[in-house]
There are 2 protein chains.
Amino acid sequence: METSHQDKKIVYVKKIGELQNKLLQMGGLVEEAIARAIDSLKSQDLEMAEKVINNDDRIDELELEIEEGCLALIATQQPMAKDLRKVATLLKMIMDLERMGDYALDIAKTIKNIGNQPLIKPLVDIPRMARITQLMVKESLDSYIKEDVSLAVSMAQHDDEVDMLHKQIFRELLTIMMENPRTITQATHLLFISRYLERIADHATNIGENVIFLVTGERKDLN
Amino acid sequence: METSHQDKKIVYVKKIGELQNKLLQMGGLVEEAIARAIDSLKSQDLEMAEKVINNDDRIDELELEIEEGCLALIATQQPMAKDLRKVATLLKMIMDLERMGDYALDIAKTIKNIGNQPLIKPLVDIPRMARITQLMVKESLDSYIKEDVSLAVSMAQHDDEVDMLHKQIFRELLTIMMENPRTITQATHLLFISRYLERIADHATNIGENVIFLVTGERKDLN
C-alpha cells in the first residue's frame with residue numbers, strides 16, 4: 001500500500017528538521033574554525049591552527065551525511081514545489097559551507113607556514129574581517145532556517161565591508177613589502193589569508209541568494 | 001492515470017541527455033575561459049580579458065538552467081537509486097564548473113590590473129599549468145558522461161603536477177620580489193593567478209571524486 005500525501009508530508013517535516021539540525025551543527029563548526037584560525041594567527045598558536053586542520057574532517061563528514069539525507073528524503077518522500085526547493089537549497093548550502101571550512105583550513109595551513117616569526121605588523125583589519133565573516137556565516141544559516149529574506153539581504157550587505165577591508169589590507173601589505181623586502185614572504189601569506197576570508201564572505205552571500213530564491217522564486221544578485 | 005515506471009524511465013533518459021548536453025556546453029565555455037584568460041595574459045591582450053569577463057554571465061545562466069532542469073526532473077520523474085545519484089552528481093558538478101568559471105573571471109580581472117606594464121618574467125610555468133588544468137576540466141566532464149572511473153582517477157593525478165607547479169611558481173616569484181621590490185605588485189598578481197589555476201584543478205578533482213562515488217558508491221579521496 002502506498003503511503004498517503006499526508007503521511008509523506010509528516011515524514012518530510014520530521015526529516016528536514018533533522019537535516020537542518022545537522023546543518024546548524026556543520027555551520028557551528030565552520031564558524032568555530034574561522035574564529036580559531038584567526039585566534040591562532042593573532043596569538044601565533046600553532047597547536048590551535050593544527051586543531052583547525054584536524055577538525056575539518058568532521059565538517060566534511062557532516063556534508064556527506066546531510067547530502068545523503070537529502071537524497072534519501074527526495075527519493076522516499078518525493079517532496080514537491082517549495083518542499084523540494086527547500087531540500088535543493090540545503091544541498092547547495094552544504095557545498096558552500098564545506099568550501100568555507102576548506103578556506104578556514106587554508107588559513108590554518110598558512111599560519112603554520114608563518115610559524116613563529118614575529119608578525120610584520122599588529123593585526124587589526126584581518127581579525128575585524130574575520131569577525132564580520134563569522135557573523136555572515138551565522139546569519140546566512142539563520143536566514144535559511146527562518147526563511148527570512150530581509151536577514152539574507154542585510155547579511156549580504158556586510159560583504160561590501162569585507163571587500164573594502166580586503167582591498168585596504170592588500171594595499172597596505174604591498175606598501176610594507178616594497179618598503180622592506182624582508183617582509184615579503186609573510187606579507188604574501190597575510191594577503192592570502194585576507195583573500196580566503198573575503199571568499200568565505202562570498203560563499204555566505206551565495207547562501208543568502210539561494211535563500212531569496214527559495215522564498216521568492218526570484219534570482220537576485222546580492223554582490 | 002499515473003504514468004508507468006517504464007514511461008518515466010524513457011522521459012528520464014531523454015531529459016538527462018538534454019541536461020548533459022548543456023553540461024558539455026557549460027564545460028566548453030569554462031575551458032575556453034581558462035584558455036582565453038591565459039592567452040590574454042601572455043599577449044597582454046586586455047580586450048580578450050574583457051571578453052572572458054563578459055562571457056561569465058553565460059556560464060552562470062547555464063548553471064541555473066541545468067539546475068532548474070535537474071530539479072524538474074527529480075520532481076516529475078522521481079528517479080531512483082543510481083538515476084537519482086546521476087542527477088545529484090550533475091547538480092554538484094555545475095557548482096564546481098561555475099566556480100571554475102569564477103576563477104577564470106578572477107584571472108581576467110587580475111590581468112586587467114596588470115595592464116600594459118611589461119611582464120617581470122617570460123611566462124612558462126603558468127601557461128603550462130593552464131594547459132594541464134584545461135585538460136583536467138575536459139576529462140572530468142568526460143569521466144562523468146562515460147561513467148569512467150579510471151579516467152576520473154588518471155585525470156586527478158594531474159592535480160599533483162599542478163600543485164607542484166604552483167609551489168615552484170610561488171617560490172620563484174617570492175625570489176624575484178625580494179631581489180627587486182619594484183616587481184612586487186605584478187608578482188603578487190601572478191601569484192594569485194597561479195593560485196586560481198590550482199583551485200580550478202582542485203574543482204576538477206572534486207568532480208572526479210563525485211564520478212567515482214556515482215559509479216562505485218564509494219567515497220575516494222583523490223587529493
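Whatever comes next refers back to the structure up there.
Keep in mind the model is a prediction, meaning the values are calculated, not measured.

Caption draft 1: Quick peek at the environment of E50 of chain A. With respect to the secondary-structure elements, E50 of chain A resides in helix 2 (residues 46-77). Residues E50 of chain A and A108 of chain A, 58 residues apart in the sequence, show an inter-C-alpha distance of 7.1 Å.

Caption draft 2: How the structure looks around the pattern of salt bridges. Considering all chains together, one arrives at 40 salt bridges over all chains under this definition. Measuring nitrogen to oxygen at the nearest pair gives 2.1 Å for the salt bridge that ties R199 of chain B to D106 of chain A. Placement of the pair is R199 of chain B in helix 6 (residues 184-216) and D106 of chain A in helix 3 (residues 81-114), with the two residues belonging to separate chains. Where K121 of chain B meets E172 of chain B, a salt bridge forms, and the shortest distance between an N and an O atom there is 3.5 Å.

Caption draft 3: Structural detail: the side chain of T188 of chain A. Looking at where T188 of chain A falls in the secondary structure, it is placed in helix 6 (residues 184-216). Here T188 of chain A falls in the buried class, since its relative accessible area comes to 1%. Beyond its immediate stretch of four places on either side in the chain, T188 of chain A contacts M177 of chain A together with F170, L174, M177 and L191 of chain B.

Caption draft 4: Seen up close, the relation of the copies chain A and chain B. Laying chain A over chain B is done by rotating through 180 degrees and shifting 0.1 Å along the axis; what remains is an RMSD of 0.0 Å. The symmetry that links the two subunits is that of a two-fold axis. Looking at chain A, 100% of its interface residues are interface residues in chain B too, so the copies touch through the same face.

Caption draft 5: Local environment of the interface of chain A and chain B. Counting residues at the interface gives 34 residues for chain A and 34 residues for chain B. Between chain A and chain B, a total of about 3,400 Å² is buried, with carbon and sulfur atoms accounting for 66% of that surface. Counting the surface chain A buries against chain B, the share from its top three residues, M95, F192 and R219 of chain A, is 16%. Taken together, the links from chain A to chain B amount to 12 salt bridges. Close ionic contact of K92 of chain B with E67 of chain A constitutes a salt bridge, the shortest N to O distance being 2.4 Å. At the junction of chain A and chain B, the tally comes to 11 residue pairs in polar contact (both at pLDDT 80 or more). Going through the elements one at a time, helix 2, helix 3, helix 5 (149-179) and helix 6 of chain A are the ones with two or more residues in the side of chain A that touches chain B. Tallying contributions element by element places helix 6 of chain A first for the side of chain A that touches chain B, with 11 residues.

Caption draft 6: Broad picture of empty space enclosed by the protein. Inspection of the entire model under this criterion finds nine cavities of 30 Å³ or more. Put simply, the largest cavity is a space of about 130 Å³. The set of elements that each furnish at least two residues to the lining of the largest cavity consists of helix 2 and helix 3 of chain A together with helix 2 (46-77) and helix 3 (81-114) of chain B. Grouping the amino acids of the lining of the largest cavity by side-chain chemistry returns nine nonpolar, no polar and five charged.

Caption draft 7: Geometry of the packing of helix 5 (residues 149-179) of chain B against helix 6 of chain B. Residue and element names in this part refer to chain B. Relative to each other, helix 5 and helix 6 sit at 165 degrees, their axes nearing to 9 Å. By the angle between their axes, helix 5 is roughly antiparallel relative to helix 6. The handedness of the crossing between helix 5 and helix 6 is left-handed. Residue classes in the contact of helix 5 with helix 6 are distributed as 20 nonpolar, six polar and five charged.

Caption draft 8: Highlighting unusual backbone geometry. Phi angles above zero are rare outside glycine, and Q44 of chain A is one such case at about 45 degrees. With respect to the helices and strands, Q44 of chain A occurs in the loop between helix 1 (5-42) and helix 2. Using a relative accessible area of 22% as the deciding quantity, one classes Q44 of chain A as partly exposed. Its identity as a non-glycine residue notwithstanding, A81 of chain B has a phi of 45 degrees, on the positive side. Structurally, the position occupied by A81 of chain B is in helix 3.

Reading guide: rules and limits
Residues numbered from 1 in each chain as written. Chains lettered and ligands numbered in written order. Predicted model: local features only at pLDDT ≥ 70, side-chain atom pairs only at ≥ 80, totals over all residues. Heavy atoms only, no water. Helix = DSSP H or I, 4+ residues; strand = E, 2+ residues; numbered from the N terminus. Salt bridge = Lys/Arg side-chain N within 4 Å of Asp/Glu carboxyl O. Buried < 20%, exposed > 50% of the residue type's maximum accessible area, 1.4 Å probe, protein only. Contact = heavy atoms within 4.5 Å. Least-squares fit on C-alpha atoms with pLDDT ≥ 70 in both. Buried area = accessible area lost by both parts, 1.4 Å probe. Polar contact = N/O pair within 3.5 Å; in protein donor to acceptor, adjacent residues only side chain to side chain. 1 Å grid on protein atoms, 1.4 Å probe; cavity = no way out; pocket = protein on both sides within 12 Å on 5 of 7 lines; lining within 4 Å. Points joined across faces, edges and corners; volume = space filled by probe spheres on them. Nonpolar A, V, L, I, M, F, W, Y, C, P; charged D, E, K, R; others polar. Axes fitted to C-alpha atoms, helices over the stretch in contact; angles between N-to-C directions. Parallel < 35°, antiparallel > 145°, perpendicular 65-115°, else oblique. Left-handed = near helix turned anticlockwise from the far one by under 90°.

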